[in-house]
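As a plain string of letters, each chain reads:
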Amino acid sequence: AVIRGKICSSYTKKGGSSVDYFKERLILIHHCRGVGWKSILKILQEDPLLDNLLNKTLEDWKIILPRLTNSQLSLFYNDLHSIDISQKIKLYKENKIEMITFFDEEYPTRLKRIFDPPWVIYAKGNIRLMNQKKILAVVGVRLPSQYGIDALNQIIPPIIKDGYIIVSGLAAGIDTRAHLLSIQNDGKTIGVIGGGLFHIYPKENTPLSLKMMKEHLVISETVPFRKSEPWMFPQRNRIISGLSDGVLIIEAKARSDSLITAYQALEHGREVFALHGNITSPNSRGTNELIQEGAKMVLSYNDIISEFKNDR
C-alpha cells in the first residue's frame, strides 16, 4: 500500500508519460528470469518509480537482492539489459493481449487484497469480468467420476442463472466442465492458466480457450511466451481463489491441487464449499476431509447462494 501510494502520488505530479514508462519497466522486470514476486517487491521498495532500473550495476543488484544466487542475478541482469520490452508489448497488443499491472485501475479489486497479488496479469478477452459482483471458483479432479459430473451439472446452471461468473483453471476434468457449463447456460467464465497465453495446456483445450478469449476471458500471471511448468500451477491456484467470493470443490484426492486452492481460499478469507462424496472413493477423500475441517457441505446450489446472501 505504501509503495502504491508513492507511485500514484508521483503519477499525479509527472503525468501520463511517466505512467507508461513505469508500466513498461515493471513489465520488463516481470519478463526477467531469476527474480520472483518477493524480488520484484524489493526492487519497488528500492526504486518505487523504477527511474534508475537500468543504471544499476551487477554489484548494486547484489546489495539490493542479497538472497539471489549468482546464477539468478546473472540471469536477471542479462535479461534486464537484453530484452526489447517495447517490441514484446507491441506484439502482445497486436494479439489483443492486455497487460494489467497491480497499479492499474483495471486490476481486479479482490485480487489486490491477497497477500501476494500478481504484479502483472496478461489477459485476453473481457477484462471487466474480473471486477464483477458475483464470482465463484469451481475446481476439482482431472478424472471425475460420473457422480462428480452429475453433481456439477445439477449445481452450476442455477448458480449461473443467479448471475455468478465461474472462474476455473482450464485444466482437464472438472475445470473444463465448469467452463463449458457456463458457456452452454449463457453465463460468463474466466480461465486462469499456469503457462503463458501463447502456450495453452492441455492442448486439447485450445479450441475452448480460443472461444473464451473471444467471448469470455483467459488470464495468466506468466509472460505469454513461457510454457507451463509444474510449479506454476499452485501459484495459479491463488489467483483462482483471489478472484472469487468463494471456491467450490467438486471431488478432490488427498493432497491434490484442488485442496491447495481450498486452503488458499481460507487464507484469503473466502468461502469454501465442498461436495460430499462416497467414503470409499479416492476422488472424495479430499472434499470429505475439507468438510470435516469446516468447509460448507454442498447438497444443492442453494447451499452456495444462501451462504453468500447471508454474508451480504
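Our subject is the structure listed above.
The structure displayed is predicted, hence computed values, not measured ones.

A. Fine view of the pairing of strand β4 (residues 165-168). Burial of the side chains of β4 extends over both faces: Ile165 and Val167 are buried on one face and Ile166 and Ser168 on the other. As paired strands, strand β3 (residues 135-140) and β4 are joined by three bridges and run parallel to one another. Among the inter-strand pairings, leucine 136 is bridged to a residue of β4, identified as isoleucine 166. Between the parallel elements β3 and β4, the chain passes through helix α8 (residues 146-161) in a crossover that is right-handed. Examined bridge by bridge, β4 and strand β5 (residues 189-193) share three bridges and lie parallel to one another. Bridge pairing links isoleucine 166 to threonine 189 in β5. After leaving β4, the chain enters helix α9 (residues 174-184) and then returns to the sheet as β5, a path that is right-handed.

B. Expanded view of the nonpolar core. Grouped together as the largest cluster of nonpolar side chains are 70 residues, with contacts concentrated most on Trp61, Leu65, Phe76, Tyr122, Ile190, Ile219 and Leu243. In terms of residues, this core owes the most to one element, helix α2 (residues 16-31), which gives five residues. Beyond its immediate chain neighbours, meaning those up to four positions away, leucine 65 contacts Val35, Ser39, Lys42, Ile43, Leu73 and Phe76. By size, the runner-up hydrophobic cluster in this structure holds 22 residues, among which are Val141, Ile250, Phe273 and Val298.

C. Seen up close, the environment of leucine 68. When you line up the elements, leucine 68 lands in the loop between α4 (58-64) and α5 (70-82). Not counting chain neighbours up to four residues away, the residues in contact with leucine 68 comprise Gly34, Val35, Ser39 and Leu73.

D. Quick look at the sheet that holds strand β2 (residues 120-125). Across the sheet, which stays open at both edges, the nine strands sit in the order β1-β2-β6-β5-β4-β3-β7-β8-β9 with mixed pairing between neighbours. For this open sheet the edge positions go to β1 (98-101) and β9 (296-298), each flanked by a neighbour on one side alone. For this sheet, the mean angle separating the axes of adjacent strands, direction not counted, is 25°. Pairing geometry for β5 and strand β6 (residues 217-220), over four bridges, is parallel. If you follow glycine 191 over to β6, its bridge partner there is valine 218. Most of the contacts of helix α11 (residues 232-243) go to β5, to which it runs at about 155°, and overall it touches β3, β4, β5, β6 and β7 (246-250). Each of β3, β7 and β8 (271-275) is contacted by helix α12 (residues 257-267), which is oriented at about 155° to β7, the strand it contacts most.

E. Looking closely at the packing of α9 against helix α10 (residues 206-215). Packing of α9 against α10 brings their axes to within 12 Å, and their N-to-C directions diverge by 45°. By the angle between their directions, the pair α9 and α10 is classed as oblique. Classified by chirality, the crossing of α10 by α9 is left-handed. Taken together, the residues of α10 that come into contact with α9 (itself represented by Thr176, His179, Leu180 and Ile183) are Leu208, Lys211 and Met212. Taken together, the residues that form the contact of α9 with α10 break down as four nonpolar, two polar and one charged.

Each value, and the rule that gives it
Residue positions are given per chain, counted from 1 along the sequence in the order it is written. Only residues with pLDDT of 70 or above have their local features reported here, since the model is predicted, and side-chain atom pairs are shown and tallied only from 80 upward, although totals for entire chains, interfaces and linings are computed over all residues. Values reported for side chains reflect all heavy atoms of the structure, with hydrogen atoms and water molecules removed beforehand. The buried label applies to any residue whose accessible area, calculated with a 1.4 Å probe on protein chains only, is under 20% of its type's maximum; exposed applies above 50%, and partly exposed to all values in between. Counting from the N terminus, the helices are DSSP H or I runs at least four residues long and the strands are E runs at least two residues long. At least two DSSP bridges between two strands are required for those strands to pair. If you view a crossover with the strands going away from you and the path from the first strand over the helix to the second runs clockwise, you call it right-handed. In plain words, nonpolar cores are sets of buried Ala, Val, Leu, Ile, Met, Phe, Trp, Tyr and Cys residues tied together by side-chain atoms within 4.5 Å. In this analysis, two residues are considered to be in contact whenever any of their non-hydrogen atoms come within 4.5 Å of each other. As a rule, the C-alpha atoms of each element are fitted with a line to give its axis, helices using only the stretch in contact, and angles between N-to-C directions run from 0 to 180 degrees. Comment on the angle field: the value is read as roughly parallel under 35 degrees, roughly antiparallel over 145, roughly perpendicular from 65 to 115, and oblique elsewhere. Throughout, a crossing is termed right-handed when the near helix is turned clockwise from the far one, and left-handed when it is turned anticlockwise from it by less than a right angle. Lys, Arg, Asp and Glu make up the charged group, whereas Ala, Val, Leu, Ile, Met, Phe, Trp, Tyr, Cys and Pro make up the nonpolar group; the residues left over, Gly among them, are polar.

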